[in-house]
Amino acid sequence: MSEIEITLTGIAHLGEAIGKHNGKVVFVPYAIPGETVKAKIIKDEKDYCRAEILDIIEPSFFRENPPCKLFSICGGCSFQHVAYSYQIKLKEIVVMEQLKRIGGFENPEDFTNLTLKAENPYNYRNRADFSINRQNLLGFKIRGTHKFLHVEYCHIMHEKINKMLSLLQGKKPKRKSHNITIRYGINTGTWLIQPEMDIVEIETGQKFYYERLLGKDFIISAPSFFQVNTYQAEKLIQTVLNHITQEDKTVIDAYAGVGTFTVFLAQKAEKVIAIEESRSAYKDAQINIKNLDNITYLCKKTEEALFESKINGDAIVLDPPRVGCMKEVLQAIVEKKIKKVIYVSCEPSTLARDLKYLKEMGYKLKEIQPVDMFPQTYHIENVALMILE
């Protein structure tokens, strides 16, 4: 493949820097907008190229030496080479570009707030999913491949998880398994390590663990989802709560999980209707809400529950998976004329798509609040507020 010299002018959705060469857009991972690099074309398609850096001719002012020796090999992090303050800026650019291009919002910068930064840009993750090889060494599968990469330390995992990683190296699972999950309650000191390991120094094989957010304890079972950044999750919850006012007497919490938003919404609203399809998360939630009598928790698909005539509210909180909301969910919101939509999203492209639909149905976008839940990666969480006018 050919070698080129290219000046990068922008940032793409997946954190790759972009520039133009011979009329084609060129995607260059681990480069920074503003840099001039020598690169090798590794993929040449009709409309675009993909390249890898051979040499940095003019480095960015924001370039840093990544602390991890596996950076760019592992594939888990995309921004360790970028100063944290500029990582935030790049993510904001991506959010606004998606809102313009996919959502059709002309000036998204007018209603996009500055990102709520992480006080801990490293060692923040409370969950690790490691692969295990035949020698019982722990590591990751290199992104996009099945190749095992032995990992002794991960810079975005909490220090306690890194200590546990060191302890479990070479230890054998009691049942055949290709993966080991470690989850740690940063505010509680509790553990969930699955599967059970052949080790006597520590307990493994726990079915659940506890985490504490804003003073409230949550039980989380092995199959249940929970935010991986405990520190930033509290800011995310507070952002959502800030949009709930006295007029919001009944609030629907869709994709409610173990009740992360639900228990706090119940303190502000007269009634909360929570919807969660995962039976594991639903069972956890029954424990997490046991002292609150103004919550109705439904174990159903959101798209099915919202079409029930008795389900209605003044506001709805949406926190769907990365693929966004099913069209039926948005249609139900429109049909029921739910006045306020608070949309929590970890994927700007599907957020922009869903906000576009609501905009076309008469809702107005009032605010976007980015929250950096995933430092050193291209991922960014957003909380959008839309009002029916």
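First, a word on scope: everything that follows refers to the structure included in this document. Just so it is clear, the structure is predicted and the values come from calculations on it, not from any experiment.

Parameters and conventions
- Residues numbered from 1 in each chain as written.
- Predicted model: local features only at pLDDT ≥ 70, side-chain atom pairs only at ≥ 80, totals over all residues.
- Heavy atoms only, no water.
- Helix = DSSP H or I, 4+ residues; strand = E, 2+ residues; numbered from the N terminus.
- Rg over C-alpha atoms; globule rule 2.2 N^0.38 Å.
- Buried < 20%, exposed > 50% of the residue type's maximum accessible area, 1.4 Å probe, protein only.
- Contact = heavy atoms within 4.5 Å.
- Areas by Shrake-Rupley, 256 points an atom, 1.4 Å probe, with all protein chains shown as cover.
- Pairing = 2+ DSSP bridges.
- Axes fitted to C-alpha atoms, helices over the stretch in contact; angles between N-to-C directions.
- Salt bridge = Lys/Arg side-chain N within 4 Å of Asp/Glu carboxyl O.
- Left-handed = near helix turned anticlockwise from the far one by under 90°.
- Nonpolar A, V, L, I, M, F, W, Y, C, P; charged D, E, K, R; others polar.
- Parallel < 35°, antiparallel > 145°, perpendicular 65-115°, else oblique.
- Expected span 1.5 Å × (residues − 1).

Scanning the protein chain from terminus to terminus reveals 8 helices and 20 strands. Expected size for 389 residues packed as a compact globule is a radius of gyration near 21 Å; at 22 Å, the protein chain falls within 12% of this value. Along the first, second and third principal axes, the C-alpha atoms of the protein chain reach 65 × 60 × 35 Å. Among the 389 residues that make up the protein chain, the fraction classed as buried is 56%. Long-range contacts, defined as pairs at least 24 residues apart, comprise 60% of the intrachain contacts of the protein chain with a sequence gap of at least 6. Summed over its atoms, the accessible surface of the protein chain is roughly 18,100 Å², and 50% of this surface lies on carbon and sulfur atoms.

Once that is clear, we can look at the sheet that holds strand β10 (residues 179-184). Taken in spatial order, the 5 strands line up as β9-β8-β7-β10-β11 in an open sheet, and their pairing is antiparallel. Only two strands of the sheet have a single neighbouring strand rather than two, namely β9 (148-150) and β11 (191-194). Here the strands of the sheet are splayed against their neighbours by 35° on average, with no regard to which way each runs. Here strand β7 (residues 127-132) runs beside strand β8 (residues 138-141); their pairing, made up of 2 bridges, is antiparallel. Opposite S131, over in β8, you have G139 as the bridge partner.

For the structure shown, the criterion picks out 18 salt bridges. Across the salt bridge formed by K38 and E3, the nearest N and O atoms sit 3.5 Å from each other. Here the residue K38 occupies a position in strand β5 (residues 36-44), and E3 occupies one in strand β1 (residues 3-7), the gap between them amounting to 35 residues. What makes K38 partly exposed here is its relative accessible area of 35%.

Once that is clear, we can look at the packing of helix α1 (residues 84-101) against helix α8 (residues 348-360). Interaxial distance between α1 and α8 falls to 8 Å at its minimum, and their mutual angle equals 35°. For the crossing formed where α1 meets α8, the hand is right-handed. Contacts from V95, Q98 and L99 in α1 reach P348, S349, A352 and L355 in α8. Each residue belonging to the contact of α1 with α8 can be placed in one class, and the counts come to 5 nonpolar, 2 polar and no charged.

Okay, the packing of helix α7 (residues 327-335) against α8 next. Two measures define how a pair of helices packs: the angle their axes make with one another and the distance between the axes. Taken N-terminus to C-terminus, the directions of α7 and α8 make an angle of 30°; their axes are 10 Å apart at the nearest point. Here α7 lies roughly parallel to α8, going by the angle between them. At the point where α7 passes α8, the crossing takes the right-handed sense. Where α7 approaches α8, its residues K327, L330, Q331, I333 and V334 are matched on the opposing element by D354, Y357 and L358. Residue composition of the contact of α7 with α8, grouped by class: 5 nonpolar, 1 polar and 2 charged.

Let us look at α8. Counting along an α-helix, one turn takes 3.6 residues, and residues three or four places apart therefore face a common direction. Between the first and last C-alpha of α8 there are 18 Å, a value that for 13 residues agrees with the 18 Å anticipated at 1.5 Å per step. For α8, the full list of buried residues reads P348, S349, T350, L351, A352, D354, L355, Y357 and L358. Of the surrounding elements, those touching the buried residues of α8 are α1, α7, β18 (340-345), β19 (363-371) and β20 (381-388). Just past α8, the residue G362 takes up positive phi, approximately 105°.

Looking at where D284 falls in the secondary structure, it is placed in helix α5 (residues 279-288). Relative accessible area serves as the criterion here: at 3%, D284 is assigned to the buried category. In this structure, the C-alpha to C-alpha distance between D284 and V258, residues 26 residues apart in sequence, is 5.5 Å. Non-local contacts of D284, meaning those with residues more than four positions away in its chain, are made with I219, I220, S221, S224 and V258.

A word on unusual backbone geometry. Omega for the bond connecting Q194 with P195 falls within 30 degrees of zero, at 0°, which places this linkage in the cis form. Relative to the assigned elements, P195 resides in the loop between β11 and β12 (208-213). In this structure, Q376 is a non-glycine residue whose phi angle is positive, near 75°. The topology assignment puts Q376 in the loop between β19 and β20.

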